Amino acid sequence: MYIVHSTVTVPEGKVDEVIGIYQNRSRLVDQYEGFISFHLLQNEQSPAELTVQISWDKKESYLNYITSDAYKKVHELEKNYPDQELATIRPKVGRFKVVAE
């Protein structure tokens, strides 16, 4: 299994808006081959820190997705956020190979 984390610190007062965006996400990734799960995580100690966690069956599936038209489409949607402050946030991305369960 392969897991990708994408963590952002959201500007004050915008956390609920970002959570809402993810609650109403396109779900295009969900249909991609090798996709296992999507979670939006909120840090309990720092509620403005949000992490998207996407699990894949293997690294190759993730790499296929990030070079696909579906990936490009999802990220084009992000550029069209009504709130341009949110559109400029750049995440810290971590990629993890599952080595034990």
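Look up a bit, the structure's there.
Everything numeric here is computed off the predicted structure, so don't read it as measured data. (Residues numbered from 1 in each chain as written. Predicted model: local features only at pLDDT ≥ 70, side-chain atom pairs only at ≥ 80, totals over all residues. Heavy atoms only, no water.)

A. Structural view of the sheet that holds strand 2 (residues 35-42). Reading across the sheet, the 4 strands line up as 2-3-1-4 and stay open at both edges, with antiparallel pairing between neighbours. Strand pairing shows two members of the sheet lacking a second neighbour, strand 2 and strand 4 (92-97), which therefore form its edges. Taking the axes of each pair of neighbouring strands and ignoring which way they run, one obtains an average angle of 15° across the sheet. Sheet topology places strand 2 next to strand 3 (residues 49-56); 7 bridges connect them, and they run antiparallel. Note that in strand 3 the partner of Phe35 across the bridge is Trp56. Across the sheet, helix 1 (residues 15-23) lies against strand 2 and strand 3, angled at about 165° from strand 2, the strand it touches most. (Pairing = 2+ DSSP bridges. Helix = DSSP H or I, 4+ residues; strand = E, 2+ residues; numbered from the N terminus. Axes fitted to C-alpha atoms, helices over the stretch in contact; angles between N-to-C directions. Contact = heavy atoms within 4.5 Å.)

B. Spatial organisation of the pattern of salt bridges. One pass over the structure, following the stated rule, counts 3 salt bridges. Between Asp69 and Lys72 there is a salt bridge, with its nearest N and O atoms 4.0 Å apart. One end of the pair is Asp69 and the other is Lys72, both in helix 3 (residues 69-79) and 3 residues apart, which spans about a single turn. With relative accessibility at 61%, the residue Asp69 sits in the exposed group. You can call Lys72 partly exposed: its relative accessible area is 49%. (Salt bridge = Lys/Arg side-chain N within 4 Å of Asp/Glu carboxyl O. Buried < 20%, exposed > 50% of the residue type's maximum accessible area, 1.4 Å probe, protein only.)

C. How the structure looks around the pairing of strand 3. Among the 8 residues in strand 3, 7 count as buried, and that is most of the element. With 8 bridges joining them, strand 1 (residues 2-9) and strand 3 adopt antiparallel strand pairing. Within strand 3, the position partnered with Val4 by the bridge is Ile54. Hairpin connection between strand 2 and strand 3: a loop of 6 residues separates the two successive antiparallel strands.

D. Quick look at the pairing of strand 1. Here 6 bridges tie strand 1 to strand 4, and the two strands are oriented antiparallel to one another. Looking at the pairing, Ser6 lines up with Val93 of strand 4.

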